[in-house]
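Structural description and commentary
Each chain is listed here by its residues.
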Amino acid sequence: MTHHGLFISFEGIDGAGKSTHIAGLADAFQSEGRAVTLTREPGGTLLAEKLRNMVLDDAMDPLTESLLIFAARRDHLVRVIAPALLRGDVVLCDRFTDATFAYQGAGRGFDVKVLATLERWVQSDEGLLGDPTGNQPMKPEVETVIEPHLTVWFDLPPEEAALRLADSRVPDRFESQPVEFFRRVARGYAERQLGHPERFARIDASQNREAVWQGIRQVFVEKGWLQAAALP
Ligand SMILES: Nc1ncnc2c1ncn2[C@@H]1O[C@H](COP(=O)(O)OP(=O)(O)OP(=O)(O)O)[C@@H](O)[C@H]1O
Ligand SMILES: Cc1cn([C@H]2C[C@H](O)[C@@H](COP(=O)(O)O)O2)c(=O)[nH]c1=O
């Protein structure tokens, strides 16, 4: 799929500080005249948000969980992400597939080879330009696997994330996991970075908000995607 968009994902354990900064980046891109699609996973479409509620609230085994997350991802790609990239938008996505490798793979201990197969199937651009209702045949084209151009990884020790989240909201199925679960998830993200060093930008999320923002700012300015003047 040839497009002029920019696909950026934001990752990290729960409470690492992603949401705090995504809106600021959206403002910066918009102030430079770029259209921004702000979205999240699991979720981003009506169907995917329903699947999100199930995944976050209902007990299920890790394969069911992984399949629902990838089903939500496919709908999200078909209906939101691919059309936005084709329009030339900047897509800012709060979590994407690295979260599946970190949470379902490293956290739950689910087979990463199965996750890699699902990743290839679900993120294939085959049929992405077709009819999202599935009523029309898929259009054959040269297959590529869609993935972010950049993944901003908010790296924060799990103990610190737990402190930040304490009393801030009612915990869901993931947020109520013990700290050892998040240690595994954090290691999962570190492994993903090792496997995709060119795509990952690690931010030390244990710094204060301003220092974290400056770290993010530097990444986008160095890539030439934002002008220093557009960012506070
Ligand atoms: N650098 C920081 N220092 C201290 N507290 C922070 C910092 N950044 C964010 N916080 C606070 O930590 C909490 C979690 O932040 P935020 O919601 O942005 O994390 P998140 O990564 O989006 O979490 P989740 O993925 O679980 O939704 C919030 O209460 C936020 O105000
Ligand atoms: C994409 C994705 C997400 N999760 C988990 C991670 C979080 O605990 C929740 C989403 O909540 P947030 O407040 O929006 O961060 O879902 C997962 O386990 N696997 C995934 O692929």
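Calculation criteria
- Residues numbered from 1 in each chain as written.
- Chains lettered and ligands numbered in written order.
- Predicted model: local features only at pLDDT ≥ 70, side-chain atom pairs only at ≥ 80, totals over all residues.
- Heavy atoms only, no water.
- Salt bridge = Lys/Arg side-chain N within 4 Å of Asp/Glu carboxyl O.
- Helix = DSSP H or I, 4+ residues; strand = E, 2+ residues; numbered from the N terminus.
- Buried < 20%, exposed > 50% of the residue type's maximum accessible area, 1.4 Å probe, protein only.
- Axes fitted to C-alpha atoms, helices over the stretch in contact; angles between N-to-C directions.
- Parallel < 35°, antiparallel > 145°, perpendicular 65-115°, else oblique.
- Contact = heavy atoms within 4.5 Å.
- Nonpolar A, V, L, I, M, F, W, Y, C, P; charged D, E, K, R; others polar.
- Near = heavy atom within 4 Å.
- Polar contact = N/O pair within 3.5 Å; in protein donor to acceptor, adjacent residues only side chain to side chain.
- Areas by Shrake-Rupley, 256 points an atom, 1.4 Å probe, with all protein chains shown as cover.
- UniProt positions renumbered as here; feature names shortened; annotations may be inferred.
- Expected span 1.5 Å × (residues − 1).
- Arc of directions from axis to C-beta.
- Phe/Tyr/Trp six-rings, centres within 6.5 Å; stacked < 30°, edge-to-face > 60°.
- Lys NZ or Arg CZ within 6 Å of the ring centre and 35° of its normal.

A separate point is the pattern of salt bridges. Side chains carrying opposite charge are able to pair once their charged atoms draw close together. One pass over the full model with this rule turns up 16 salt bridges. Arg183 serves as the salt-bridge partner of Glu159, at 2.8 Å between the closest nitrogen and oxygen. Taken together, the positions of Glu159 in helix H6 (residues 158-165) and Arg183 in helix H7 (residues 179-195) put the pair 24 residues apart, joining distant regions of the chain. Among the residues examined, Glu159 registers a relative accessible area of 37% and is labelled partly exposed.

Take the packing of helix H3 (residues 62-87) against helix H4 (residues 97-107) next. Interhelical geometry of H3 versus H4 gives an angle of 175° and a closest axis separation of 11 Å. One way to sum up the angle between H3 and H4 is to call them roughly antiparallel. Facing H3, whose interface residues are Glu65, Ser66, Ile69, Phe70 and Arg73, H4 presents Thr97, Thr100 and Gln104. Across the contact of H3 with H4, the residue classes tally to two nonpolar, four polar and two charged.

Before going further, it helps to examine the site of ligand 1. Taken together, 14 residues form the shell around ligand 1, and within it Gly17, Lys18, Ser19, Thr20 and Arg169 come nearest. At 2.6 Å, a side-chain N or O of Thr20 approaches an oxygen atom of ligand 1. Contact with the protein chains covers 78% of the free accessible surface of ligand 1, which is 630 Å². A total of three residues in the shell around ligand 1 trace back to one element, the largest contributor, which is helix H1 (residues 18-31).

If you check UniProt for "domain: Thymidylate kinase-like" (unreviewed entry), the listed places come out as residues 10-120 and 143-214 in our numbering. In residues 10-120, the share of helix is 65% and the share of strand is 11%. The end C-alpha atoms are 20 Å apart. Between the first and last C-alpha atoms of residues 143-214 the distance is 37 Å; the span itself is 43% helix and 15% strand.

Another aspect to go through is H1. In this model H1 runs 20 Å from its N-terminal to its C-terminal C-alpha over 14 residues, within 8% of the 20 Å that 1.5 Å per residue would give. Among all positions of H1, only Lys18, His21, Ile22, Leu25, Ala26, Ala28 and Phe29 are buried. Axial view of H1: buried residues confined to an arc of 165°, hence all on one face. Pointing more than 90 degrees away from the buried face of H1 are the exposed residues Ser19 and Ser31. Buried positions along H1 lie against strand S1 (6-11), strand S2 (36-40), strand S3 (90-94), strand S4 (150-155) and helix H8 (209-222). Phi turns positive one or two residues past the end of H1, at Gly33, with a value near 85°.

With that out of the way, let us pick up the packing of aromatic side chains. Taken as a whole and assessed by the stated rule, the structure comprises 10 aromatic pairs. With a centroid separation of 5.9 Å and an interplanar angle of 80°, the aromatic rings of Phe29 and Phe220 are classed as edge-to-face. Of this pair, Phe29 sits in helix H1 while Phe220 sits in helix H8, and the two are 191 residues apart along the sequence. Take Phe29 and Phe220: they sit in the same class, and that class is buried. Across from the ring centre of Trp225, 5.4 Å away, lies the NZ or CZ of Lys223, which sits over that ring.

Bringing the site of ligand 2 into the picture now. By nearness alone, 14 residues border ligand 2, and Asp14, Arg52, Arg95, Thr100 and Gln104 come closest of all. Separating an oxygen atom of ligand 2 from a side-chain N or O atom of Arg52 is a distance of 2.9 Å. A distance of 2.6 Å is found between an oxygen atom of ligand 2 and a side-chain nitrogen or oxygen belonging to Thr100. In isolation ligand 2 offers 480 Å² of accessible surface; the protein chains occlude 94% of this area. At the level of secondary structure, the elements contributing two or more residues to the shell around ligand 2 comprise helix H2 (46-57), H3 and H4. With four residues, H4 is the largest single contributor of residues to the shell around ligand 2. Split into classes, the residues belonging to the shell around ligand 2 amount to six nonpolar, two polar and six charged.

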